[in-house]
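Spelled out from the first residue to the last, the chains are:
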Amino acid sequence: MTDKSTRHTKRMQRQKAIVDQQIQKANKDKGLLLVITGNGKGKSSSGFGMVARALGHDMKVGVVQFIKGPFSTGEEKFFRRFPEEVDYHVVGDGFTWETQNLEQDIASAEKGWEVCKAMLQNPDIDIVLLDELNIVLKMKYLDTEKILADIAARPPMQHVIITGRGAPEAVIEAADTVSRIEDVKHAFRAGIKAQKGIEL
């Protein structure tokens, strides 16, 4: 074995000991609140990736999409194929610059939250994805403290995923896991329209 290989083996042995110790310490079970925010692309995609993973474990999922409106996305078309496993709702009227109607946006958000509350009170649902909720809270269409109280009152092993840019600080503080996706480069700014399977 070369010196380089020997050093690599020793380094990986040390790394394994550290990881094994961390795994041993992580022995608690609880329903998680996960927040995916930031200006980069992929927040909803990450949330729906967890929905797909949950279905692989025979879990029941609730999905509520705020903001995005009536146009059908690829994820909606796909996950509606599993009506027994996925309770799917689109509650927005479209992006706020499209609706241009504050009262309508607030009313839609409030109506949509009633759907969310029913899911958050249902112990048969393992994961609830609240897609683009951060934007709704940032725009103050819903009261953040009330929403967090409803989420905190959910069944103890239910996981909740909140996506959308501009997550309020209170949401970040309440979360167990927070990921912030950075915008480094985007095809749209080069004049390339949204592509099926990528943005749609």
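For the structure, check the block above.
All residue numbers here refer to positions counted from 1 along the written sequence of the relevant chain. This being a predicted model, a pLDDT of at least 70 is required before a residue's local features are given, and a value of 80 or more before pairs of side-chain atoms are given or counted; all residues contribute to the totals for chains, interfaces and linings. Water and hydrogen atoms play no part in the side-chain values, which are based on all heavy atoms of the structure.

### Considerations on the overall build of the protein chain
Argument step 1. A run of DSSP states H or I qualifies as a helix once it reaches four residues; a run of E qualifies as a strand once it reaches two. Both are numbered from the N-terminal end. Within the protein chain, the secondary structure is distributed over 8 helices and 6 strands.
Argument step 2. Helices and strands in the protein chain line up, N terminus first, as α-β-α-β-α-β-α-α-β-α-α-β-α-β.
Argument step 3. Accessibility here uses a 1.4 Å probe with only protein chains present; expressed as a share of the type maximum, an area under 20% marks a residue as buried, one over 50% as exposed, and anything in between as partly exposed. For the protein chain, buried positions account for 38% of its 200 residues.
Argument step 4. For the protein chain, long-range pairs separated by at least 24 residues make up 79% of all intrachain contacts whose partners lie at least 6 apart in sequence.
Argument step 5. A 1.4 Å probe and the Shrake-Rupley method give the accessible areas. Residues count as covered only by the protein chains that appear here. Looking at the protein chain as shown, the accessible area adds up to about 12,500 Å², and 53% of this sits on carbon and sulfur atoms. Whether two residues are in contact is decided by their heavy atoms, any of which lying within 4.5 Å being enough.

### Regarding the packing of aromatic side chains
Argument step 1. Think of it this way: a Phe, Tyr or Trp ring, Trp meaning its six-membered ring, pairs with another when their centres are within 6.5 Å, and the plane angle makes it stacked under 30 degrees, edge-to-face over 60, tilted otherwise. All chains considered together, the criterion is met by 4 aromatic pairs.
Argument step 2. Both rings, one in F48 and one in F79, keep their centres 5.6 Å apart while their planes meet at 20 degrees; by these two values the pair is stacked. Of the two residues, F48 is situated in helix α2 (residues 43-56) and F79 in helix α3 (residues 74-79); the sequence distance between them amounts to 31 residues.
Argument step 3. For F48, a relative accessible area of 5% corresponds to the buried category.
Argument step 4. With centroids separated by 5.3 Å and ring planes inclined at 65 degrees, the aromatic side chains of F78 and F82 adopt a geometry described as edge-to-face.

### With respect to the packing of helix α5 (residues 102-120) against helix α7 (residues 144-152)
Argument step 1. Every axis corresponds to a line fitted to the C-alpha atoms, with the helix fit spanning only the stretch in contact, and the corresponding angles, defined between N-to-C directions, vary from 0 to 180 degrees. α7 packs onto α5 with a crossing angle of 25 degrees between their chain directions and a minimal axis gap of 9 Å. In terms of their interaxial angle, α5 and α7 are classed as roughly parallel. Seen from α5, the contacting residues are W113, K117 and L120; seen from α7, they are K146, I147, D150 and I151. Convention used here: angles under 35 degrees read as roughly parallel, angles over 145 as roughly antiparallel, angles from 65 to 115 as roughly perpendicular, and any remaining angle as oblique.

### As for the sheet that holds strand β3 (residues 86-90)
Argument step 1. Spatially, β3-β2-β4-β5-β1-β6 is the arrangement adopted by the 6 strands of the open sheet, whose pairing is parallel. Among the strands making up the open sheet, the edge pair consists of β3 and β6 (177-180). Ignoring which end each strand starts from, the neighbouring axes of this sheet average 10 degrees apart.
Argument step 2. Both strand β4 (residues 127-131) and strand β5 (residues 159-163) contribute to a ladder of 4 bridges, which runs parallel. The residue of β5 that forms the bridge with V128 is V160.
Argument step 3. Where α5 meets the sheet, it contacts β2 (61-65), β3, β4 and β5, and its direction lies at approximately 165 degrees from that of β2. Pairing between strands requires that DSSP locate at least two bridges from one strand to the other.

### Remarks on the nonpolar core
Argument step 1. To define a nonpolar core, start from buried Ala, Val, Leu, Ile, Met, Phe, Trp, Tyr and Cys residues and group those joined through side-chain atoms within 4.5 Å. Formed by 29 residues in total, the largest nonpolar core has its most connected members in F66, W113, L130, L133, L142, I151 and I162.
Argument step 2. With 5 residues, α5 is the single largest residue contributor to this core.
Argument step 3. In contact with F66, other than residues within four places in its own chain, are V91, G92, A109, G112, W113, C116, D131, E132, L133, V136 and L142.
Argument step 4. Counting 15 residues, the second-largest nonpolar core is a separate cluster that includes L34, I36, F48 and I161.

### Remarks on the pairing of β4
Each regular strand shows side chains that alternate between the opposite faces of the sheet.
Argument step 1. When you tally the buried positions in β4, you get 5 out of 5 residues, the bulk of the element.
Argument step 2. Along β4, one buried face is formed by I127, L129 and D131 and the opposite face, lined by V128 and L130, is buried too.
Argument step 3. Examined bridge by bridge, β2 and β4 share 5 bridges and lie parallel to one another. What sits directly across from V64, in β4, is L130.

### Some details on the pattern of salt bridges
Two side chains that carry opposite charge are able to pair once their charged atoms sit near each other.
Argument step 1. Each salt bridge in this description consists of a side-chain nitrogen of Lys or Arg and a carboxyl oxygen of Asp or Glu lying within 4 Å of one another. By the definition in use, this model includes 3 salt bridges.
Argument step 2. Between K30 and D176 there is a salt bridge, with its nearest N and O atoms 2.9 Å apart. In this pair, K30 is assigned in the loop between α1 (3-25) and β1 (33-37) and D176 in the loop between α8 (169-174) and β6, connecting sequence segments 146 residues apart.
Argument step 3. For K30, a relative accessible area of 43% translates into the label partly exposed.

### So, a positive patch on the surface
Argument step 1. Patch rule: a residue counts if its relative accessible area is over 30% and it has no salt bridge; like charges are joined within 9 Å, and nonpolar side chains (Val, Leu, Ile, Met, Phe, Trp, Tyr) within 5 Å. By the counting rule applied here, Lys and Arg register as positive and Asp and Glu as negative, while His and the ends of each chain are not counted. Note that the charge is assigned to NZ on lysines, CZ on arginines, CG on aspartates and CD on glutamates. Residues K4, R7, K10, R11 and R14 make up a contiguous surface patch of positive charge.
Argument step 2. One can find K10 in helix α1.
Argument step 3. Residue classification places K10 among the partly exposed positions, given a relative accessible area of 48%.

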